[in-house]
Amino acid sequence: DKIKDVERLSEILNEAMRDYDSTNPSMGLVLFEDAMKHVAKICRIISNPSGHPLLVGVGGSGRQSLSRLSTFICQSSTIMIVISG
């Protein structure tokens, strides 16, 4: 379903985050508008068959937390690949 109102999206994501925090260690995320849009994009990708997002960026930018929230919302699982060297 499409959500056209940012405030409605905020309500939905904050409720999902409360549900996540009740069953997992608390993330303590602040969901500003760009973060909410990223969660929506990740959810859209992983909801599609064979949808596998590759999130690239600097450390501490919130990729892991937003991915965990998105997979919780979509009732999916996360696999994290760590490259060391």
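Scroll up to find the structure.
Right, let's walk through the structure included here. Bear in mind that the values here come from a model prediction, so they are computed numbers and not experimental data. (Residues numbered from 1 in each chain as written. Predicted model: local features only at pLDDT ≥ 70, side-chain atom pairs only at ≥ 80, totals over all residues. Heavy atoms only, no water.)

1. Quick word on the overall build of the protein chain
Within the protein chain, the regular secondary structure consists of three helices and zero strands. Secondary structure elements in the protein chain, listed N-terminal to C-terminal, are α-α-α. Since a compact globule built from 85 residues should have a radius of gyration of about 12 Å, the 13 Å found for the protein chain is in line with a globular shape. For the C-alpha atoms alone, the extent of the protein chain along its principal axes is close to 45 × 30 × 25 Å. (Helix = DSSP H or I, 4+ residues; strand = E, 2+ residues; numbered from the N terminus. Rg over C-alpha atoms; globule rule 2.2 N^0.38 Å.)

2. Remarks on the pattern of salt bridges
Evaluation of the coordinates by the stated rule reveals two salt bridges. The salt bridge involving Glu 33 is made with Lys 37; its shortest N-O contact spans 3.5 Å. Here Lys 37 and Glu 33 lie together in helix H2 (residues 33-47), a separation of four residues that amounts to about one turn. You can call Glu 33 partly exposed: its relative accessible area is 41%. (Salt bridge = Lys/Arg side-chain N within 4 Å of Asp/Glu carboxyl O. Buried < 20%, exposed > 50% of the residue type's maximum accessible area, 1.4 Å probe, protein only.)

3. Considering the side chain of Ser 67
Here Ser 67 shows up in helix H3 (residues 63-73). A polar contact of 2.7 Å, which involves the side chain of Ser 67, links it to the backbone oxygen of Arg 63. Setting aside residues no more than four positions away along its own chain, Ser 67 makes contact with Ile 42, Leu 55 and Thr 78. (Polar contact = N/O pair within 3.5 Å; in protein donor to acceptor, adjacent residues only side chain to side chain. Contact = heavy atoms within 4.5 Å.)

4. With respect to the packing of helix H1 (residues 6-23) against H2
For the pair H1 and H2, the least separation of the axes is 11 Å and the interaxial angle reads 70 degrees. Taken together, the axis directions place H1 and H2 in an arrangement best described as roughly perpendicular. Between H1 and H2, the contacting residues are Val 6, Leu 9, Ser 10 and Leu 13 on the first element and Glu 33, Met 36 and Val 39 on the second. Broken down by class, the residue content of the contact of H1 with H2 amounts to five nonpolar, one polar and one charged. (Axes fitted to C-alpha atoms, helices over the stretch in contact; angles between N-to-C directions. Parallel < 35°, antiparallel > 145°, perpendicular 65-115°, else oblique. Nonpolar A, V, L, I, M, F, W, Y, C, P; charged D, E, K, R; others polar.)

5. Digging into the packing of aromatic side chains
Applying the stated criterion across every chain, the model contains one aromatic pair. Between Tyr 20 and Phe 72, the aromatic rings sit 5.3 Å apart at their centres with planes inclined by 85 degrees, giving edge-to-face as the arrangement. Residue Tyr 20 is located in helix H1, and its partner Phe 72 is located in helix H3; the two are separated by 52 residues in the primary sequence. With relative accessibility at 30%, the residue Phe 72 sits in the partly exposed group. (Phe/Tyr/Trp six-rings, centres within 6.5 Å; stacked < 30°, edge-to-face > 60°.)

6. Observations regarding a nonpolar patch on the surface
A contiguous nonpolar surface patch, about 450 Å² in accessible area, is contributed by Ile 79, Ile 81 and Ile 83. Within the secondary structure layout, Ile 81 lies in the segment after H3. (Patch = residues over 30% accessible without salt bridge, like charges linked within 9 Å, V, L, I, M, F, W, Y side chains within 5 Å. Areas by Shrake-Rupley, 256 points an atom, 1.4 Å probe, with all protein chains shown as cover.)

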